[in-house]
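Here's the letter readout for the chains.
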Amino acid sequence: QKMAIGRALWRTLASSARRPSSFGGNLRVRWMSLLSDSVKEEFDENGVLCIRKAIPLNFVDQLRVAADRNMKNPGPLCDEHSAAAGTAGRFHDDQFLWTRHEECKDFLFNSPVAGIAAQILNSNSVSILYDHLLVKEPGTVAPTPWHNDYSYWHITGEDICSVWLALDNVKRESMVTYLKGSHKWKMMHKITNFSGESSDDGRYDASPNQDEIPLDKIEKGEYELLGWDMEPGDVVVHHGWTLHGASGNADLATMRRGYATRWVGDDIRFDPRPGTMHFNWANKGFDCGLAKGDKMECELFPVVHRQSS
């Protein structure tokens, strides 16, 4: 059953969240110290970087509560990839949690995450495109196939990144792996179905993307891959063009819960080209109401952070 989210609900969500602001005092100094010029240069060169202890653990604890609640009562955009593919374990994938869970909304508007994204992108402001829960239970076989995010998104522009927050201890072998420098390729690749081609529901059939991900070369080790052991509160920031993928979760004791937030900056504009996520979102009640070429600022994509002058 489709869930329609009307303007009245978006007004409620927007009014109950803290409005865009700049972080001040000692906290701003701390977060600025995390993001030196060399760190930003690393992001520009590699398309990805890891920042240790970026998020205070009180936010991590709150997000764990929301994640567990969402797995019991998911939203209308939820995909259960293992179930769809008929493989062992559970690969839970859901979006726009901030519209349903107070803990997620609090994280977006009151944690350092938006400020980190704005500084990495060197944007005057950032809006939240969507938040994204990705959970692989112990013993989950389903991988995350190689892809970049941009190929799925209804946007143009360059100022976009994802901040992937670890909610659990994650070993590198179970963590997302990134192809160093692949953001420079600006690859619009053929769409990959996370549930496997046999369970394709047709949502991306209209995509005109033709680029091929060089899977053979990746498997042969011809590219440098980046990945990290992660602890709760650590984040990985990657560009929307950066290719990445992950194995299943072979650990039989530990959950792999990742909470990703997708941030758009100054030059990003709405582009509802065929075969992007916009159409599935709109069908499920998440229609932004923007016209092609509009800046990505609206009730569905609220501005969360503005840099201080």
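Use the structure listed above.
Residues numbered from 1 in each chain as written. Predicted model: local features only at pLDDT ≥ 70, side-chain atom pairs only at ≥ 80, totals over all residues. Heavy atoms only, no water.

### Structural notes on the sheet that holds strand β11 (residues 244-246)
Phase 1: An order of β5-β11-β8-β9 is seen for the four strands of this open sheet, with the pairing classed as antiparallel. Edge strands, defined here as strands with exactly one partner in the open sheet, are β5 (144-147) and β9 (225-226). (Pairing = 2+ DSSP bridges. Helix = DSSP H or I, 4+ residues; strand = E, 2+ residues; numbered from the N terminus.)

### Topic: the nonpolar core
Phase 1: In this structure, Val237 and Trp263 are the most contacted members of the largest nonpolar core, which totals 63 residues.
Phase 2: Ranked by the residues each element gives to this core, the list is headed by helix α7 (residues 113-121), at seven residues.
Phase 3: Among residues more than four places away in sequence, those in contact with Val237 are Phe43, Gly47, Val48, Leu49, Ile51, Ile116, Ile120, Cys161, Ser162 and Val163.
Phase 4: Counting 17 residues, the second largest nonpolar core, distinct from the first, contains Cys50, Leu134, Trp164 and Val236. (Core = buried A, V, L, I, M, F, W, Y, C linked by side-chain atoms within 4.5 Å. Buried < 20%, exposed > 50% of the residue type's maximum accessible area, 1.4 Å probe, protein only. Contact = heavy atoms within 4.5 Å.)

### Some remarks on the environment of His183
Phase 1: Following the sequence through the fold, His183 ends up in the loop between β8 (177-179) and α8 (215-219).
Phase 2: Classification of His183 by relative accessible area gives buried; the value is 9%.
Phase 3: Excluding its chain neighbours within four sequence positions, the residues that come into contact with His183 are Phe43, Asp44, Glu45, Asn46, Gly47, His239, Trp241 and Thr242.

### Some details on the pattern of salt bridges
Phase 1: According to the stated counting rule, one finds 16 salt bridges in the structure shown.
Phase 2: A salt bridge links Lys105 to Glu102; the shortest N-O distance between them is 3.4 Å. Remark: Glu102 and Lys105 occur in helix α6 (residues 102-110); sequence separation between them is three residues, near one turn of the helix.
Phase 3: By relative accessible area, Lys105 is classed as buried at 6%.
Phase 4: Asp149 is the partner of Arg262 in a salt bridge, and the nearest nitrogen-oxygen pair spans 3.5 Å. Taken together, the positions of Arg262 in strand β12 (residues 256-264) and Asp149 in the loop between β5 and β6 (155-156) put the pair 113 residues apart, joining distant regions of the chain. Summarising the burial analysis for this pair, Arg262 and Asp149 share the class buried. (Salt bridge = Lys/Arg side-chain N within 4 Å of Asp/Glu carboxyl O.)

### Overview of the side chain of Thr99
Phase 1: If you trace the backbone, Thr99 turns up in the loop between β3 (91-95) and α6.
Phase 2: The class for Thr99 is buried, based on a relative accessible area of 10%.

### Quick look at empty space enclosed by the protein
Phase 1: Scanning the model with the defined rule gives one cavity of 30 Å³ or more in all.
Phase 2: Within this model, the largest cavity holds a volume of roughly 40 Å³.
Phase 3: In this structure, the largest cavity is lined by Ser125, Val126, Ser127, Val264, Gly265, Ile268, Lys295, Met296 and Glu297.
Phase 4: Broken down by element, the residue count for the lining of the largest cavity peaks at three residues, all from strand β4 (residues 125-136).
Phase 5: Each residue belonging to the lining of the largest cavity can be placed in one class, and the counts come to four nonpolar, three polar and two charged. (1 Å grid on protein atoms, 1.4 Å probe; cavity = no way out; pocket = protein on both sides within 12 Å on 5 of 7 lines; lining within 4 Å. Points joined across faces, edges and corners; volume = space filled by probe spheres on them. Nonpolar A, V, L, I, M, F, W, Y, C, P; charged D, E, K, R; others polar.)

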